[in-house]
Amino acid sequence: MLAGKLAVITGSNSGIGLGVAEELARAGADVVLNSFTDRPEDHALAADLAKRHGVTARYIQADMSKAADCRALIAKAGGCDILVNNAGVQFVAPVDEFPTEKWDQIIAINLSSAFHTTAVALPGMRAKGWGRVVNIASAHGLTASPFKSAYIAAKHGVVGLSKTVALETAGQGITCNAICPGYVLTPLVEAQIPDQMKVHNMDRDTVIREVMLLRQPSRQFATVEQIGGTTVYLCSAAADQVTGTTISVDGGWTAL
Ligand code: NAD
């Protein structure tokens with residue numbers, strides 16, 4: 001379905017980004033993986049995707065906290081047809097104790113990087129008359145929780161950026177949308193489970209259901225395959241008129 005399309009996925013050497021790359025490659029897209037590291041195992045991830053799905057896959061190192069790196073990523077990729085802005089980090093502290101450098105880092109990686117990559121990618125998409133910008137926001141792009149001020153400000157910003165880009169590209173064969181996942185079982189989240197079990201003195205299933213998924217009515221994690229599948233849908237012809245909106249994949253979190 002996506003043969004001949006090139007997808008750049010930021011922050012894609014683990015978790016949701018890698019899952020999205022997997023589903024796009026399964027649908028036939030060539031892919032560019034990215035993170036700030038440059039290890040043999042990063043490049044091996046791309047080689048593995050290429051081999052399993054018969055597509056072209058490359059890994060390009062770029063630090064999404066830096067404007068110049070964000071712009072260079074798209075230039076080095078040679079432009080792209082599908083841009084998935086996924087790189088993101090989290091830090092938790094009360095707003096009056098939130099370290100300024102953490103605020104700046106989260107806004108840079110989770111929000112500003114999407115501005116820079118989109119700005120560079122759009123002219124090529126316009127020239128081809130086809131493009132997809134998929135921003136991985138969060139349920140926290142639509143709702144708030146205490147102690148996550150920078151993350152929530154950035155994710156609400158990503159939703160706003162998506163709407164603006166959609167309006168500026170409407171009718172040009174380009175769409176821009178935000179996917180808003182609830183809790184997704186990524187390595188990052190998996191690593192928190194043992195600590196939560198200890199703190200709450202609960203077994204794995206109970207801590208997942210009663211603590212981690214308290215706000216997710218399904219009491220089930222979303223999966224990286226589901227976020228990847230939603231991305232593939234947004235890249236399909238069925239979604240040609242889906243633009244400037246959010247798609248929640250959150251087990252009912254935002255319906256509460
Ligand atoms: P993750 O830590 O597995 O993935 C984050 C990715 O971003 C990694 O590939 C990491 O290398 C990359 N990254 C971090 N800093 C970077 C930088 N400076 N430059 C380039 N890449 C960088 O976490 P994840 O859960 O897969 O999160 C991916 C995205 O999904 C994030 O934007 C996150 O906010 C969002 N999200 C996650 C969840 C969840 O429950 N896991 C829920 C909602 C939204």
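The structure under discussion appears in the preceding block.
The shown structure was predicted, so the numbers you read here are calculated from the model rather than taken from an experiment.

Quick notes on the rules
Residues numbered from 1 in each chain as written. Predicted model: local features only at pLDDT ≥ 70, side-chain atom pairs only at ≥ 80, totals over all residues. Heavy atoms only, no water. Axes fitted to C-alpha atoms, helices over the stretch in contact; angles between N-to-C directions. Helix = DSSP H or I, 4+ residues; strand = E, 2+ residues; numbered from the N terminus. Parallel < 35°, antiparallel > 145°, perpendicular 65-115°, else oblique. Left-handed = near helix turned anticlockwise from the far one by under 90°. Contact = heavy atoms within 4.5 Å. Nonpolar A, V, L, I, M, F, W, Y, C, P; charged D, E, K, R; others polar. Near = heavy atom within 4 Å. Polar contact = N/O pair within 3.5 Å; in protein donor to acceptor, adjacent residues only side chain to side chain. 1 Å grid on protein atoms, 1.4 Å probe; cavity = no way out; pocket = protein on both sides within 12 Å on 5 of 7 lines; lining within 4 Å. Sits in = over half its atoms within 2 Å of the grid points. Points joined across faces, edges and corners; volume = space filled by probe spheres on them. Salt bridge = Lys/Arg side-chain N within 4 Å of Asp/Glu carboxyl O. Buried < 20%, exposed > 50% of the residue type's maximum accessible area, 1.4 Å probe, protein only. Pairing = 2+ DSSP bridges. Right-handed = clockwise from strand over helix to strand, strands pointing away. Domains from an automatic or database assignment.

> Summarise the packing of helix 1 (residues 15–26) against helix 9 (residues 224–234); cite the residues concerned and give the values.
Two numbers describe how helix 1 lies on helix 9: the axes approach to 8 Å, and their chain directions differ by 50°. Classified by the angle between their axes, helix 1 and helix 9 sit oblique to one another. Crossing of helix 1 over helix 9 shows right-handed handedness. Between helix 1 and helix 9, the residues in contact are G15, I16, G19, V20, E23 and L24 and V224, E225, I227, G228, G229, T231 and V232, respectively. The residue inventory of the contact of helix 1 with helix 9, partitioned by class, reads six nonpolar, five polar and two charged.

> So, the site of the ligand: which residues are in play, and what are the values?
Neighbouring the ligand are 30 residues; N13, S14, S35, N86 and Y151 lie closest to it. One of the side-chain N or O atoms of S14 is found 2.7 Å from an oxygen atom in the ligand. Structurally, the ligand is housed in the largest pocket. Elements that contribute at least two residues to the shell around the ligand include exactly helix 1, strand 2 (30–35), helix 5 (149–169) and helix 6 (187–190). For the shell around the ligand, a count of residues per class yields 15 nonpolar, 13 polar and two charged.

> Can you tell me about empty space enclosed by the protein, naming the residues and giving the values?
Scanning all chains against the criterion turns up one cavity of 30 Å³ or more. Taken as a whole, the largest cavity encloses approximately 50 Å³ of empty space. Taken together, N85, N86, A87, I109, N110, S113, A114, I136 and V158 form the lining of the largest cavity. A total of four residues in the lining of the largest cavity trace back to one element, the largest contributor, which is helix 4 (residues 100–128). By residue class, the composition of the lining of the largest cavity is five nonpolar, four polar and no charged.

> Report on the pattern of salt bridges, specifying residues and quantitative values.
Tallied over the entire structure, the rule returns eleven salt bridges. Of the charged contacts, one joins D42 and R39 as a salt bridge, the two residues approaching to 2.8 Å between their closest N and O atoms. The buried category is assigned to D42, whose relative accessible area is 0%. When the shortest N-O distance is used, the salt bridge between D63 and K66 registers 3.7 Å. Residues joined in a network through salt bridges with shared partners are E22, E23, R26, D48 and R52.

> Explain the packing of helix 4 against helix 5 to me, and be specific about the residues and the numbers.
The N-to-C vectors of helix 4 and helix 5 enclose an angle of 15°; their axes lie 8 Å apart at closest approach. Taken together, the axis directions place helix 4 and helix 5 in an arrangement best described as roughly parallel. The handedness of the crossing between helix 4 and helix 5 is right-handed. Residues W103, I106, I107, N110, L111, A114, F115, T118, L122 and R126 of helix 4 touch helix 5, and the partners they reach there are S149, A150, Y151, A153, A154, K155, G157, V158, L161, V165, E168 and T169. Of the residues that constitute the contact of helix 4 with helix 5, the class distribution is 14 nonpolar, five polar and three charged.

> Tell me about the pairing of strand 1 (residues 6–9), and name the residues and values.
Burial along strand 1 is two-sided: the residues L6 and V8 and A7 and I9 are all buried. When strand 1 meets strand 2, the two strands line up parallel, connected through three bridges. Each residue of the ladder has a partner; that of L6, found in strand 2, is D30. For the crossover from strand 1 across helix 1 to strand 2, the handedness is right-handed. Judged from the three bridges that link them, strand 1 and strand 4 (residues 82–85) form a sheet pairing that is parallel. Residue V8 lies in a different strand from strand 4, and its bridge partner there is L83.

> Talk me through the layout of surface pockets; I want residue IDs and the actual numbers.
Taken as a whole, the largest pocket holds about 1300 Å³ of empty space. Forming the boundary of the largest pocket are 47 residues, of which G88, V89, Q90, Y151 and L188 lie nearest the centre. For the lining of the largest pocket, the secondary structure elements donating two or more residues are helix 1, strand 2, helix 4, helix 5, helix 6 and helix 8 (204–212). Each residue belonging to the lining of the largest pocket can be placed in one class, and the counts come to 24 nonpolar, 19 polar and four charged. Three or more residues apiece are contributed to the lining of the largest pocket by two domains, here domain 1 (6–184 + 222–255) and domain 2 (185–221).

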